[in-house]
Amino acid sequence: DEETAALRWSVWARNELEPNLLAMDPEVKRAIDVIEGQLGKRQWLIGKRFTVADINIAGALAWMPAIPASEGDVLRAYPRTTAWLERCLARPHSVRSCPQVVMLCKTPSCENDKALQSKL
């Protein structure tokens, strides 16, 4: 069910994604491969709607451009993940509660999104 899947993704983020992101370990690409594969099947990580799984994973990835070792380019190789992250960050609550995170979005479509920029 959706609740179990959200819990699985949240635990995965904490154990697999976040430690590798913080260290910019080469394994981070493998972790993002998992996300990219999942998003090949759907718009959100679980089913057809935004869930806590999206919040938890996007919360970790949103800081990636701020990590100097990442050079901000790692996500460019993952178009579905980048588009999904932009959708997550464009949600009204993200814009209101975390404008500094939203400003980290370095992708051209995010930088050129006039509606998003007008909310900041």
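Residues numbered from 1 in each chain as written. Predicted model: local features only at pLDDT ≥ 70, side-chain atom pairs only at ≥ 80, totals over all residues. Heavy atoms only, no water.

Note that Glu36 resides in helix H2 (residues 27–39). Here Glu36 falls in the buried class, since its relative accessible area comes to 9%. Setting aside residues no more than four positions away along its own chain, Glu36 makes contact with Tyr78, Pro79, Arg80 and Thr81. (Helix = DSSP H or I, 4+ residues; strand = E, 2+ residues; numbered from the N terminus. Buried < 20%, exposed > 50% of the residue type's maximum accessible area, 1.4 Å probe, protein only. Contact = heavy atoms within 4.5 Å.)

So, on to the packing of aromatic side chains. This model, assessed by the stated rule, comprises two aromatic pairs. Measuring from centroid to centroid gives 5.3 Å for Trp9 and Trp12, while their planes differ by 80°, and the two rings are edge-to-face. Here the residue Trp9 and the residue Trp12 both occupy positions in helix H1 (residues 2–23), the gap between them amounting to three residues, near one helical turn. The exposure class assigned to Trp12 is buried, which follows from its relative accessible area of 18%. Judged by centre distance (5.2 Å) and plane angle (80°), the ring pair of Trp44 and Phe50 falls under edge-to-face. On the accessibility criterion, Trp44 (9% relative accessible area) is buried. Seen from the ring of Trp44, Arg87 lies directly overhead, with NZ or CZ sitting 5.4 Å from the centre. (Phe/Tyr/Trp six-rings, centres within 6.5 Å; stacked < 30°, edge-to-face > 60°. Lys NZ or Arg CZ within 6 Å of the ring centre and 35° of its normal.)

Right, let's get into H2. For H2, spanning 13 residues, the distance from its first C-alpha to its last is 19 Å, which sits close to the expected 18 Å at 1.5 Å a residue. Of the positions making up H2, those classed as buried are Val28, Ala31, Ile32, Ile35, Glu36, Gln38 and Leu39. Viewed along the axis of H2, the buried residues span an arc of 160°, placing them on a single side of the element. Its buried side turned inward, H2 meets H1, helix H3 (52–61) and helix H4 (79–90). (Expected span 1.5 Å × (residues − 1). Arc of directions from axis to C-beta.)

Direction vectors running N to C along H3 and H4 enclose 105°, while the axes themselves pass 10 Å from each other. Taken together, H3 and H4 sit at an angle that is classed as roughly perpendicular. Here H3 contributes Asp54, Ile57, Ala58 and Leu61 to the contact with H4, which in turn contributes Thr81, Trp84, Leu85 and Cys88. In terms of residue class, the contact of H3 with H4 is built from six nonpolar, one polar and one charged. (Axes fitted to C-alpha atoms, helices over the stretch in contact; angles between N-to-C directions. Parallel < 35°, antiparallel > 145°, perpendicular 65-115°, else oblique. Nonpolar A, V, L, I, M, F, W, Y, C, P; charged D, E, K, R; others polar.)

Moving on, we come to the nonpolar core. Counting 29 residues, the largest nonpolar core has Leu17, Ile35, Leu45, Ile57, Leu61 and Trp84 as the members making the most contacts within it. The contacts of Leu17, once residues within four sequence positions are left out, are Trp12, Ala31, Ile35, Ile57, Ala60 and Leu61. (Core = buried A, V, L, I, M, F, W, Y, C linked by side-chain atoms within 4.5 Å.)

On to the pattern of salt bridges. Under the definition given, this model contains three salt bridges. In this structure, the salt-bridge partner of Glu18 is Arg14, at a minimum N-O distance of 3.5 Å. You can see Glu18 and its partner Arg14 sitting in helix H1, four residues apart, about one turn around the helix. A relative accessible area of 24% places Glu18 in the partly exposed class. Among the ionic pairs, Glu36 bridges to Arg80, the shortest N-O distance being 3.7 Å. Of the two residues, Glu36 is situated in helix H2 and Arg80 in helix H4; the sequence distance between them amounts to 44 residues. (Salt bridge = Lys/Arg side-chain N within 4 Å of Asp/Glu carboxyl O.)

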